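Residues per chain are reported as follows:
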Amino acid sequence: MNLYSKIFKEYWNPYVAIGIAGLVSALYFGITGTVWAVTGEFTRLGGHTLEWFGVNVSDWAYFDLVGMQGTPITRTDGWIVIGMLVGGLITILLSNSFKIRVPKQKRRLTQGFAGGIIAGFGARLALGCNLAAFFTGVPQFSFHSWIFMVTTAIGTFFGVKVVNTKWWRGKPALMKGTPNPVVTEHVQKRNIQPFLGLLFACLYTGLVIYFFAAGKFMLAVACIAGALFGILIERGQICFTSAFRDLWISGRAVMSKAIAVGMMISVVVTFFYIQSGSVALIKVVAPSTALGGLLFGFGIVLAGGCETGMMYRAMEGQVLYWVVGAGNIVGATLLAYGWDHLGIYNALVENWPKVNLVEQWGPMGALFGTLAMLAAWFLLSNWWEKRFRYGSGIKHPNSEKRISPVTKEA
């Protein structure tokens with residue numbers, strides 16, 4: 001019972017969760033030749049939705065770029081997304097923590113939807129979100145990922161400035177009296193959740209076995225990887241929004257440092273596969289990369305979560321993040337339309353090169369250079385965490401006391 005509580009009642013160390021995610025991500029690339037990503041599938045879902053309503057998207061260049069063949073249940077990318085949702089839901093049910101929650105401030109739904117649109121648009125403008133253009137892009141030695149990472153951080157900084165305004169926060173939703181006590185009957189009803197979690201786990205395992213038996217090896221692998229990613233992001237509470245946002249709000253850098261460690265692990269394993277013949281997925285370095293990162297970082301703070309955070313929170317029963325997810329799909333679809341219809345490709349992408357660090361620096365230079373940059377990120381995050389706190393001035397290295405701006409002026 002103690003082991004069960006340790007696994008399902010307590011959240012996991014983020015270093016462990018993200019470290020395993022980095023390893024699984026690299027193994028998934030080595031087996032399938034593709035990467036852990038979600039917004040590409042969100043874009044395809046937007047295209048399919050338009051088709052269901054009779055819109056002809058066959059001449060949209062962006063859909064040719066991402067590929068519209070098949071459906072989510074016949075594509076590996078589709079099962080990565082489905083698996084993440086199912087894996088997260090299973091662990092949430094096993095931890096007996098699913099509960100439908102609606103924001104007390106209904107304005108948060110509108111804000112979340114708007115943030116989701118901006119983030120979805122920015123992610124697809126940069127040809128990937130915090131996963132494909134960042135967590136899995138850096139281990140592919142694609143230089144565009146570093147530009148996306150830096151500009152995402154800048155975007156989150158400005159996002160924090162907006163969400164801290166009185167206009168954005170609105171009036172607090174105050175409740176009269178004391179909250180209703182939790183009744184035993186309600187708790188007993190929720191005790192069915194672990195059994196449902198076990199049932200879903202068995203059904204999902206049966207699906208994986210079916211795919212293997214039917215010779216659909218890649219779909220089976222995607223099912224397994226997707227579920228593992230879902231379990232890891234939920235148990236580790238992995239959210240790239242908090243990794244950046246916390247730096248600007250509290251100076252806390254645990255998630256930022258853990259992501260750096262996870263990518264280091266992924267870099268080493270991915271490098272082995274690339275040297276063994278796997279083809280790295282390199283994206284274009286263009287103004288669209290920087291602008292997309294800025295919009296993505298800004299949008300995820302307004303929304304309250306990135307793609308990973310959004311998915312496990314939606315499975316927890318938080319209605320806000322279903323709205324954020326819908327916004328992501330809308331934003332990605334708007335970008336797909338604007339790609340050629342509004343001249344975005346011609347203005348921001350065309351004729352800009354793809355930069356492969358392995359080709360530019362050589363294999364060993366790319367490996368150790370990337371690890372060095374990730375180590376620098378880790379150390380910079382650690383330095384920031386020790387010396388800066390929002391609203392309380394700078395903590396000097398030779399003093400345990402923080403100097404308040406007010407005291408300093410006095």
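Residues numbered from 1 in each chain as written. Predicted model: local features only at pLDDT ≥ 70, side-chain atom pairs only at ≥ 80, totals over all residues. Heavy atoms only, no water.

What to know about the overall build of the protein
Here is step 1: A tally of regular secondary structure across the protein gives 21 helices and 0 strands.
Here is step 2: Burial status across the protein gives 48% buried among its 410 residues.
Here is step 3: Of the contacts formed within the protein by residues at least 6 apart in sequence, a portion of 80% connects residues at least 24 apart.
Here is step 4: Carbon and sulfur atoms make up 68% of the accessible area of the protein, which amounts to about 19500 Å² in all. (Helix = DSSP H or I, 4+ residues; strand = E, 2+ residues; numbered from the N terminus. Buried < 20%, exposed > 50% of the residue type's maximum accessible area, 1.4 Å probe, protein only. Contact = heavy atoms within 4.5 Å. Areas by Shrake-Rupley, 256 points an atom, 1.4 Å probe, with all protein chains shown as cover.)

So, the environment of asparagine 13
Here is step 1: Structurally, the position occupied by asparagine 13 is in the loop between α1 (2-9) and α2 (14-32).
Here is step 2: Overall, the relative accessible area of 41% leaves asparagine 13 in the partly exposed class.
Here is step 3: With 241 residues separating them along the chain, asparagine 13 and valine 254 place their C-alpha atoms 9.9 Å apart.
Here is step 4: From its side chain, asparagine 13 meets the backbone nitrogen of tyrosine 15 in a polar contact 2.8 Å long. (Polar contact = N/O pair within 3.5 Å; in protein donor to acceptor, adjacent residues only side chain to side chain.)

Things to note about the packing of aromatic side chains
Here is step 1: Applying the stated rule across the entire model yields 21 aromatic pairs.
Here is step 2: Relative to phenylalanine 211, the ring of tyrosine 210 lies with its centre 5.6 Å away and its plane at 45°, an arrangement referred to as tilted. (Phe/Tyr/Trp six-rings, centres within 6.5 Å; stacked < 30°, edge-to-face > 60°.)

What to know about helix α13 (residues 240-249)
An α-helix turns once every 3.6 residues. As a result, residues three or four positions apart point the same way.
Here is step 1: For α13, the buried fraction is high: 8 of the 10 residues fall into the buried class.
Here is step 2: Where α13 is buried, its residues meet α7 (131-135), α8 (144-163), α14 (254-275), α15 (287-303), α16 (307-315) and α20 (363-387).
Here is step 3: Looking at the residues trailing α13, positive phi occurs at glycine 251, about 85°.

Considering the packing of α8 against α15
Here is step 1: Orientation of α8 relative to α15, taken along the N-to-C sense of each, is 40°, at an axis distance of 6 Å. If you check the angle between α8 and α15, you find them oblique. When you trace α8 past α15, the crossing you get is right-handed.
Here is step 2: When the residues that make up the contact of α8 with α15 are grouped by side-chain class, the tally is 14 nonpolar, 10 polar and no charged. (Axes fitted to C-alpha atoms, helices over the stretch in contact; angles between N-to-C directions. Parallel < 35°, antiparallel > 145°, perpendicular 65-115°, else oblique. Left-handed = near helix turned anticlockwise from the far one by under 90°. Nonpolar A, V, L, I, M, F, W, Y, C, P; charged D, E, K, R; others polar.)

Looking at a positive patch on the surface
Here is step 1: A cluster of basic residues, Lys99, Arg101, Lys104 and Lys106, forms a positive patch on the protein surface.
Here is step 2: Overall, the relative accessible area of 59% leaves lysine 104 in the exposed class. (Patch = residues over 30% accessible without salt bridge, like charges linked within 9 Å, V, L, I, M, F, W, Y side chains within 5 Å. Salt bridge = Lys/Arg side-chain N within 4 Å of Asp/Glu carboxyl O. Lys, Arg positive; Asp, Glu negative; His and termini not counted. Charge placed at Lys NZ, Arg CZ, Asp CG, Glu CD.)

Some remarks on the packing of helix α6 (residues 107-125) against α15
The relative placement of two packed helices is expressed as an angle between their axes plus a distance between the axes.
Here is step 1: Viewed as axis vectors pointing N to C, α6 and α15 meet at an angle of 160°, and their least axial separation amounts to 7 Å. On the basis of their axis angle, the class for α6 and α15 is roughly antiparallel. Here α6 and α15 pass one another in a crossing that is left-handed. Where α6 approaches α15, its residues Arg108, Gln111, Gly112, Gly115, Gly116, Ile118, Ala119, Phe121, Gly122, Ala123 and Leu125 are matched on the opposing element by Ser288, Leu291, Gly292, Leu295, Phe296, Phe298, Gly299, Ile300, Leu302 and Ala303.

Brief notes about the pattern of salt bridges
Here is step 1: Tallied over the full model, the rule gives 6 salt bridges.
Here is step 2: Across the salt bridge formed by glutamate 10 and lysine 6, the nearest N and O atoms sit 3.6 Å from each other.
Here is step 3: Among the residues examined, lysine 6 registers a relative accessible area of 52% and is labelled exposed.
Here is step 4: Between arginine 44 and glutamate 41 there is a salt bridge, with its nearest N and O atoms 2.8 Å apart. On the criterion of helical spacing, the pair formed by arginine 44 and glutamate 41 is a turn pair, its members being 3 residues apart in helix α3 (residues 39-52). A single burial state applies to arginine 44 and to glutamate 41, both of which are buried.
Here is step 5: Because the salt bridges share partners, they merge into one network encompassing Glu41, Arg44, Arg75 and Asp77.

What to know about the confidence of the model for the protein
Here is step 1: When the pLDDT values of the protein are averaged, the result is 89; 90% of them are 70 or greater.
Here is step 2: Per-element mean pLDDT across the protein ranges from 37 in helix α21 (residues 405-409) up to 97 in helix α19 (residues 357-361). (pLDDT = per-residue confidence, 0-100.)

Regarding the side chain of glutamine 111
Here is step 1: For glutamine 111, the location among the structural elements is in helix α6.
Here is step 2: Residues contacting glutamine 111, with those up to four places away along its chain left out, are Trp168 and Leu302.

What to know about the nonpolar core
As a rule of thumb, nonpolar side chains are buried together in soluble globular proteins.
Here is step 1: In terms of nonpolar packing, the biggest core is built from 81 residues, with Trp36, Phe134 and Ile259 touching the most fellow members.
Here is step 2: When residues in this core are grouped by element, the largest group, 10 residues, is from helix α12 (residues 217-235).
Here is step 3: If sequence neighbours within four positions are ignored, isoleucine 259 has contacts with Ile18, Phe134, Phe135, Phe240, Ala243 and Trp377.
Here is step 4: In terms of nonpolar packing, the next biggest core, distinct from the first, is built from 15 residues, Val66, Met68, Ala286 and Ala336 among them. (Core = buried A, V, L, I, M, F, W, Y, C linked by side-chain atoms within 4.5 Å.)

Thoughts on a nonpolar patch on the surface
Here is step 1: A contiguous nonpolar surface patch, about 710 Å² in accessible area, is contributed by Leu23, Leu27, Ile31, Phe212, Phe217, Met218, Ile224, Leu228 and Ile265.
Here is step 2: Within the residue set of the nonpolar patch, elements represented by two or more residues are α2 and α12.
Here is step 3: It is α12 that contributes the most residues to the nonpolar patch, 4 residues altogether.
Here is step 4: Looking at where methionine 218 falls in the secondary structure, it is placed in helix α12.

With respect to the side chain of serine 142
Here is step 1: With respect to the secondary-structure elements, serine 142 resides in the loop between α7 and α8.
Here is step 2: Only 2.6 Å separates the side chain of serine 142 from the side chain of histidine 144, close enough to count as a polar contact.

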